[in-house]
Structures are given as structure tokens and as C-alpha cells.
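Residues per chain, in single letters:
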Amino acid sequence: MSAAALLFAAALAVPGTAGAEEADPGPGPEQISNGDFTAGTAPWWWTANTSGAVSEGRLCAVVPAGTTNPWDVIIGQNDIPIVAGESYSLSYTATSTVPLTVQTRVQEATAPYATELATADPVGPEPVTVTHFFTAAADRPNAQVALQIGGGDSATTFCLDDVSLRGGAEPPVYEPDTGSPVRVNQVGYLPHGPKKGTVVTDAEAPLAWSVKAADGATAATGTTVPQGEDPSSRLRVHTFDFSALTTAGDGYTVEIDGHTSEPFSLRADLYDSLRSDALAYFYHNRSGTPIDADLVGDAYARPAGHIGVAPNKGDKDVPCQPGVCDYRLDVSGGWYDAGDHGKYVVNGGISVAQLMATYERTLTAEDAESAELGDGALRVPERGNAVPDILDEARWEMEFLMRMQVPAGEPLAGMAHHKMHDAAWTGLPLAPHLDPQQRELHPPSTAATLNLAAAAAQCARLYAPYDADFADQCLEAARTAWAAAEAHPDVLADPNDGTGGGAYSDGDVSDEFYWAASELFTTTGEAAFRQAVLSSPLHGDTDAVFPAGGGISWGSTGGLGVLTLATVPNALTPAQLGEVRSVVTTAADRYASQSRAQVYGLPYAPKDEDYVWGSNSQVLNNMIVLATAHDLTGEAAYQDAVLSGADYLLGRNPLNQSYVTGYGERDSRNQHHRFWAHQNDPDLPHPPAGSIAGGPNLTAVASGDPVAVEKLGGCAPAMCYLDDIGSWATNEVTINWNAPLAFIASYLDDAGDGRRNASRGCEVTYTSHPWSSGSTVTVKLKNTGAEPVSPWQLTWLLPGAQAVSHTWSAQFDQHGRTLSARPLSWNRVIAPGATVDFGFNTKASGAAADPRTFKLNGRSCSTR
């Protein structure tokens, strides 16, 4: 759930869809008085910073320059009775000498200004007639029509005429523009991966399909497979499979029954830019630092937000909500959570953990390469500091999370404040540096504290090779948070704390305890954390950590612990490790089966087609489980399901919509965000490439999303989506949705052309001989390539808390869990077919599984 989500049903400033709709409003009484202004200006009103007068039969007002918010200047009419269940049509004609966007509202006339209609309608010098239809959700005997016209830099004259609000009109049925009925991944397919599509058709018999190359030549042919009615879209469909086509190229299309798909490519490098763009999302949304045009482009550059420069109150000296605490904290930095300017520990925890896991996968997965995430590879200002860029980005959030910890000596010391954000909701558009609201700390919670413990423990092991002091700081914060959570295991966030930001309430924190214990155990190997893992009721329970209808989310984090235990070397016994990995593959089997069974191929099948808020993130998190299972086993079915999930997100879906900005011919580009608000203000940008929309949400109408209320009544589950900035329930962006996108984009880019890389230039034999308080390890490194290797460095992760002592035949560097071996003067060159032997002793207790992933000069070796 997004942070902005819980406010906007009652907010004053929720924009929606602009534009006129042609339909006969039908019979119904007129609710507007003097809508043609023949009787002067009464009963119309306006804010004190303007004045209205009738000119040439229109009501005109001068809008002053330099107002901040749309509601700073309003023209309206009160005392309008609205009856629940009745349908209404609102229309007016308007001009503005300087183009502006009218925030059109039918709402209560007093706080909390609950809305029945909330749209954004562009108006310019030429007369524009705006028409909207809505059905009232509640009785509002004293409603108002309010046209919010402030927020512009320049003065303008706004004129209004022919205002009408008639009741009883039957609203038109919204029909989304879905383009061609032939649905494909609009970015493309890996040459040797699966290639499937879906066509919407009422045909009973199979249809002929053909793939056309860019020059019009036929590249492949076949016939479709009728599938009947798809319950997610309520449309009849066929599927088709052109996996036999492996010739790389651009501009392919599929033709079926006279219809042509969007163009796509067959290439091995499809996802290289998506990895970079998905990760750049986080720099774009940093708080407390200017966003540099040299890194993001002029359109996306902006001043630092929330640093205490007027009108900001700033994040460096933030008080608690009244009655919560009597201290103030510096909680600067971090990432803005979603479309709003709030910062939340429970959402930041899973997001930063998944970014760190994206990097950690390069240390543990055979096919993962670290170069694309390394120093100088990404768009971050810290590039060139000898630290992987993805860890630089993650550190920005980690430092914020640690600042949210309650100081020593205070009540609930060591716990983490659940969230911090504005005292009241702000509207759109609003750049962070212009936010005038007071920022406030909200009460600590056990869930937030365990998010901090888990993420900080992960931080401790990953930053050790680069900044030992910061790694120690992370581990201290993790231990302190764990102890505080154990002392206060049931301090839960208030589900009604939704003013100014989302509540993010969570009534069950057993999953957070399991996740934090898993990360602390993996990092330290300590017996207390082992016991916390093994004694958790979630341990070994696939349905508990990977729920059948959903999966990993900010409110269900147990699966994060399982993925860490299954992939990062730790002190579990080989049998225990096998059990954990079985949980992963069991869940992956379920998701792969779902993918094969569904006509759009997505690994997501909620009960009763209940597509949830942020459904695209659920698809992505299920894809992470599949990707991990593929890393562990090499089974092609898991990778096929990941690729099929990417197809769904990038266009092979009921709406023929790519949900990622900048990718595909029909991409989302009006996501709900206060700065990326081009739909509201043409001087502001669309979201940058690589930003994923939340996606279909079956509860969008019930949630009060004003645009969904207007258009999505009765929508089929997988079609409950609008690419509209006002649809916060379907079209918001958040850090915890882009984090799994970054992980999956990295995985997909590592997949190359879709064939598992069986040929490697090296082979490692790792033999461990345990003894009472440690082990003796011998390593054989063989050059299986055709060229000599010199110099060489073999790197791997040690399981548990092992300290290397006596070494021989190589130089060793240990930084936390990371161990590297380098040559001595006499074994600097490994000739083709040759082997070097070296070894070491370790101090550790208990049996642990041997490492499974070794990287020679950054490239994976096979193991024996």
C-alpha cells in the first residue's frame, strides 16, 4: 500500500482526469444556480486573493501570480444537495489567458472535504468545455462545486460560463483504449527464451499467426490455441507461442486475423538499461540533497528537499507528534516513499533490503555479474569512491533508517519510529523543496524496529569490505533494535494514524521477527539468532512465508529471511540448509504453475482474482522467488516463469499496457507523484524511465480513488487500472515497488540470451575438514579456459562467523564474510588446464554447508 493512499479520499487536492466526455446527461434537476451568470455573480464565491465580475456573459477573475497550491485560488458555489446513489453530470466552459490546470471538485464544503468528483482539467486561451459524470457515494446535503485554479507562477485571467450540474444522468461506461488485440511483451524477448503472446478474440477455432520481421518478411508462423474466457479480464482469448524463433533483431510484430501487435525486439541486451533506470529511481527520490542535472537531465533536476530552507520546515530537527516524545531528531536523508514526501521505516526496510539483495546476488549466484552495479556504473553522485554504486545508493536510506532509532535514555530506547511525514496532506503538484508543512515523528513500533534490525544486519556484512566503521555501526544498530523488539514485542502502529501519511499498520510481526533473526544469524552465526530462526513458527512453512495468494510485501517480510538463508552462506547445517531451500523451490513451483496456467503468463493468481493494491509488486516479488529458485537449481522452468512475468508487466496483459515508463510503445507515464506531474503541470516532467506503476487494483473504487470512482466501476480485476495522475490506488509509484523491479531487471540482464551459461573459464574444488573448534579448508582452482589467467583473485563468502587463521599458498584478505585469495609470486599465472592449490584454517563452531559460488576476477567458476 502506498503512503499517499490513505488520505486522498478526503483530501482537498486530489487531481483526476481532464477532458470532456460526449454524452447526453439525460433528465435530472439542475443543481447549479445562475450557471450562465445572467443574474450577475450571486451565489458564486471566490477566495479573498481574487475578485469575480461578469464580463461578456462570463464570470471572470484574475488569478494572482506565485501561488503555491491549486486551492490557494478557488471559484465555487455552495449549498448543493447531493444524493447517494444518484448519477450526475457536471459541465462548464472555461478559458485562461495563461494555460493552467483546473482541479475540479464536487465535495463537502467543510473539512475533511470528502469528494464525489475530483479531476484535473487543462484550460487555455481557447474555450474548453469540460464534462464529467459521477455517481454519488454518500448523501451530502450541503456540497459545493469548487474550481481550484491556483498554484501557477504567472498571473492569468480565468473566465467561466455555462456551468451545469444535473442529477440523474446515467454515467457512460468507461471503455479503456487497449489498442491492438494482439498482446506481446512490447520491449521484447530473449532469443533463446520463451516467446508467448495473447490475442483477444471471440473466434472459436484456432487462428493463423505470423511473426513479421522489420522488413516485412515472414519470420515464423503457427496457429493460436483457444483458451475461452479469461476470468481476470472477462475477455475471450487465444494464446500463441513462437519460441522457435531465435534470430536476433528489432522491429518484429505479430499479425493475427488482420491485427498487428506493437513492435518488439529479440535481443540478449534487452534489460541492461532497465536495470540502470530502475535503480536511478532511488536517486531521483532522495531527500535532503539536490538532484543533479548531470546525472538525471535538466527536466528532473531539483533543489534539495526538506533541508530547512523556507518554505520547508526541514528534516534535521523534527519533533514528535504531540504527546509522543519530548525530543527532536535529525531524520534527514533517505528516500521519499511514494508519490508523497513521507518517509517510512517499514517501507524503507524492505526496499533497501531488496537493493542490497540485488548486489548480494552478484556474490552468491553463479550467473550474476557485479560490473553493472559496481563503482562508476550507476547514476549516483558518489561514483568513483571505490564502493559499488548500488551500495552507495542503499547507504542513503540505511543512514536515514538508523536516524529513526529512539536515542538511549529515552522511553522505548533502541526501537525505531514507525514513520515521519508532513503534519497534513499536501496536494499535487508540489516539489519537495516547496513543501511548507511541519514534519513530525510518529510513535515507534515493533515492526519498524525489526525492519531496522534486519536491514542493518544485512548492511553489516555487505559494507564490511568497503567501510568497516559503517558496517560496525550497522551491526550495533541491528543488535540494539533486536533487543528493543524482544523487550517490546507488540507495540503496533495505529491503523487510524493516516493524517498526512499512510498508516502502514501491521497486526502480526512474527514475520518481521523471523526476517530479522535470519539476517542477524546469517551475519553473525550466533547461537541465539540460530535459535530464534529455528524456533519461529514460520520456519519451514512455505504458506506462511510465501502466502499462496500474494507473497512478499512490506507487511509480509518472512520470505526475505528465507531467501537470505537459502542463498547467503551461513552456519546452518547442510540438512537445515536443504530444508530452507526446499521452502523456496516449493513456493517457486507454485508460482511457475500459476504462470503456465494463466493466459497472460503472470506468476500471480490471487483468490477470486482479487488483484491487490500494488499488484505489480506482488508479481515482481513472486518473480524474485522464481529467480532465486533458478539460481539455486538451474531449472529452466523457473527462469521461464520470470520471463513470462516480465512479458505481463511490459505489455502482454489485458490492457496492452507496459506498466514501466519508457519501456514499450504503450507505457505508463502519468503515475501519481508530486514532482513528476506533467499531466497537471506541463512544465513538470513525466516520471523518468524505469518507474513502475502499482497496477490493477480491484479495491480502487472502494478505496475512494476519485478517478477510479468515476471510471472503474464494475471493472474486470486485471483491468482496474488507469494511467492517470489522480488514480493513486492504481497508478502510484513507490520505493517498495521499484526495488523488486531493480532486482528482476538485474536478473534478466544477467540471463543473456536466455541460455544458462554452462561454459565457465574456471573450476573450484572446495574441501572442508571440520575439527572441534574450526576447520581446515583446501581449495583447488583450475583454469578451464583457453588463455592463461594472470593475475588472479578468487572471491567467495564464508558461512557463519568464521575467522581465517593459518593460510598457505595464497594471500588472503577477509572483510567480514567476504574472503579473497590472491597469488604469491610463484603461482601468479594459471596456465590453461593448470590448477593452483591453497588453503587455510578457520575458527568456528558447528557444521555448516560449504560455499557454492566462487568468482574468479569477477566471473563465476563451476564447482565440484
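The shown structure was predicted, so the numbers you read here are calculated from the model rather than taken from an experiment. (Residues numbered from 1 in each chain as written. Predicted model: local features only at pLDDT ≥ 70, side-chain atom pairs only at ≥ 80, totals over all residues. Heavy atoms only, no water.)

### Focus on the pairing of strand β29 (residues 774–783)
Both strand β28 (residues 762–771) and β29 contribute to a ladder of ten bridges, which runs antiparallel. By the bridge assignment for β29, V764 is matched with L781. In this antiparallel pair of consecutive strands, β28 and β29, the connection spans two residues. Where β29 meets strand β34 (residues 835–843), nine bridges bridge the pair, whose relative direction is antiparallel. Residue pairing across strands places T778 opposite G839, the latter belonging to β34. (Pairing = 2+ DSSP bridges. Helix = DSSP H or I, 4+ residues; strand = E, 2+ residues; numbered from the N terminus.)

### A short note on the packing of aromatic side chains
When we look at a pair of aromatic rings, we describe it by the centre distance and by the angle of the planes. Within this structure, the stated rule accounts for 28 aromatic pairs. With 4.8 Å between their ring centres and 55° between their planes, Y344 and Y504 make a pair best called tilted. Here the residue Y344 occupies a position in strand β23 (residues 343–344), and Y504 occupies one in the loop between α6 (468–487) and α7 (510–524), the gap between them amounting to 160 residues. Each member of the pair Y344 and Y504 is classed as buried. An aromatic cluster is present here, built from Y766, W792, W796, F812, F838, F840 and F854 joined pairwise through their rings. Between R286 and the ring centre of W396, over which it is positioned, the NZ or CZ distance is 4.7 Å. Sitting above the plane of the F470 ring, R395 keeps its charged end 3.8 Å from the centroid. (Phe/Tyr/Trp six-rings, centres within 6.5 Å; stacked < 30°, edge-to-face > 60°. Buried < 20%, exposed > 50% of the residue type's maximum accessible area, 1.4 Å probe, protein only. Lys NZ or Arg CZ within 6 Å of the ring centre and 35° of its normal.)

### What about the nonpolar core?
Within the largest apolar cluster, 161 residues are counted, with the highest numbers of intra-cluster contacts made by M356, M398, Y463, W482, F546 and I744. Among the elements that line this core, the one with the most residues is helix α5 (residues 446–463), at 13 residues. Every residue in contact with I744, bar those within four places of it in the chain, is listed here: L620, M623, I624, A627 and V642. Counting residues in each nonpolar core, the second largest holds 30 residues, with V73, L117, V130 and A136 among its members. (Core = buried A, V, L, I, M, F, W, Y, C linked by side-chain atoms within 4.5 Å. Contact = heavy atoms within 4.5 Å.)

### Some words on the state of the cysteines
Counting across every chain of the model gives five disulfides. Here C762 pairs with C861 through a disulfide, and the sulfurs are 1.9 Å apart. Judged by the torsion about the S-S bond (-100°), the C762/C861 disulfide is left-handed. Of this pair, C762 sits in strand β28 while C861 sits in the loop between β36 (859–860) and β37 (862–863), and the two are 99 residues apart along the sequence. The same class applies to C762 and to C861, which are both buried. Taken in sequence order, the bonded cysteines of the protein chain link in the pattern 1-2, 3-4, 5-6, 7-8, 9-10. (Disulfide = S-S within 2.5 Å.)

### Here's the deal with the side chain of N670
Of note, N670 is situated in the loop between α13 (636–649) and α14 (706–711). Taking relative accessible area as the criterion, N670 reaches 16% and is therefore assigned buried. In this structure, N670 is in contact with Q679, H686, P687, D723, D724, I725 and N731, ignoring residues within four places of it in sequence.

### Digging into the sheet that holds strand β1 (residues 45–46)
With antiparallel pairing, the five strands of this open sheet are ordered in space as β1-β4-β9-β6-β7. At either margin of the open sheet sits one strand with a lone partner, and together these are β1 and β7 (115–123). Of the strand pairs in this sheet, strand β4 (residues 74–82) and strand β9 (residues 140–148) are connected by six bridges, and their pairing is antiparallel. In the sheet register, Q77 faces β9, and the bridge partner there is V145.

### Structural notes on the sheet that holds β28
With mixed pairing, the five strands of this open sheet are ordered in space as β31-β34-β29-β28-β37. Both outer strands of the open sheet, β31 (803–808) and β37, are each paired with one neighbouring strand and no more.

### Describing helix α10 (residues 558–567)
When you tally the buried positions in α10, you get ten out of ten residues, the bulk of the element. Those residues of α10 lying buried are G558, G559, L560, G561, V562, L563, T564, L565, A566 and T567.

### Details of the confidence of the model for the protein chain
Confidence in the prediction of the protein chain, expressed as mean pLDDT, is 92, and 95% of residues score 70 or more. Taken as a whole, residues 1–25 scores under 50 in pLDDT and shows 111 contacts with residues more than four places along the chain or in a different chain. (pLDDT = per-residue confidence, 0-100.)

### Topic: the side chain of T795
Mapped onto the fold, T795 is located in strand β30 (residues 794–797). Polar side-chain contacts of T795 include one of 3.1 Å to the side chain of S820. Sequence-distant contacts of T795, that is, excluding residues within four places in its chain, are made with T818, L819, S820, T853, F854 and K855. (Polar contact = N/O pair within 3.5 Å; in protein donor to acceptor, adjacent residues only side chain to side chain.)

### Some thoughts on the pairing of strand β6 (residues 100–108)
The element β6 is largely enclosed, with a buried count of eight among its nine residues. Of the pairings in the sheet, the one linking β6 to β7 comprises eight bridges and is antiparallel in character. Within β7, the position partnered with T104 by the bridge is T119. The hairpin formed by β6 and β7 contains six residues between the paired strands, and Y113 there has a positive phi angle of roughly 55°. For β6 and β9, the ladder comprises six bridges, and the chain directions are antiparallel. In the sheet register, V106 faces β9, and the bridge partner there is V145.

### Observations regarding the environment of P181
Here P181 shows up in the loop between β10 (156–167) and β11 (182–183). Residues P181 and H259, 78 residues apart in the sequence, show an inter-C-alpha distance of 7.0 Å. Each residue touching P181, except ones within four places of it in the same chain, is listed here: T198, V199, V200 and H259.

### Description of the packing of helix α11 (residues 574–597) against helix α12 (residues 615–633)
For the pair α11 and α12, interaxial distance at closest approach is 9 Å and the crossing angle is 120°. For the element pair α11 / α12, the angle class is oblique. Helix-helix and strand crossings are classified by hand; for α11 and α12 the assignment is left-handed. In this structure, α11 contributes R581, V584, T585, A587, A588, Y591 and A592 to the contact, and α12 contributes N622, V625, L626, T628, A629, L632 and T633. (Axes fitted to C-alpha atoms, helices over the stretch in contact; angles between N-to-C directions. Parallel < 35°, antiparallel > 145°, perpendicular 65-115°, else oblique. Left-handed = near helix turned anticlockwise from the far one by under 90°.)

### Things to note about the packing of α7 against α10
Here α7 crosses α10 at 20°, and the two axes come no closer than 7 Å. With respect to each other, α7 and α10 are oriented roughly parallel. Every pair of crossing elements has a handedness; the one defined by α7 and α10 is left-handed. Within the contact between the two elements, α7 uses D511, Y514, W515, S518, E519, F521 and T522 and α10 uses G558, L560, G561, V562, T564 and L565. Residues belonging to the contact of α7 with α10 are distributed by class as follows: six nonpolar, five polar and two charged. (Nonpolar A, V, L, I, M, F, W, Y, C, P; charged D, E, K, R; others polar.)

### Re unusual backbone geometry
A cis amide bond links A42 with the next residue in sequence, P43, at an omega value of 0°. For P43, the location among the structural elements is in the segment before β1. In this model, L428 is joined to P429 through a cis peptide bond whose omega is -15°. Within the secondary structure, P429 is located in the loop between β25 (419–422) and β26 (439–441). Look at S809: it is not a glycine, yet its phi comes out positive at around 65°.

### A closer look at the pattern of salt bridges
Working definition: two side chains of opposite charge can pair if their charged atoms are close together. All told, the structure shown has 29 salt bridges when counted by the stated rule. The partner of E108 in a salt bridge is R140, with the nearest N and O atoms 2.8 Å apart. Pair noted here: E108 is in strand β6 and R140 is in strand β9, with a separation of 32 residues, a long-range link. Judged by relative accessible area, R140 falls into the buried class, the value being 12%. Between D750 and R361 there is a salt bridge; the shortest N-O distance is 2.8 Å. Placement of D750 in helix α16 (residues 735–750) and of R361 in helix α3 (residues 345–364) is noted, with a sequence separation of 389 residues between them. Both residues of the pair, D750 and R361, belong to the buried class. Sharing partners across several salt bridges, the network here consists of R275, R361, D631, D749 and D750. (Salt bridge = Lys/Arg side-chain N within 4 Å of Asp/Glu carboxyl O.)

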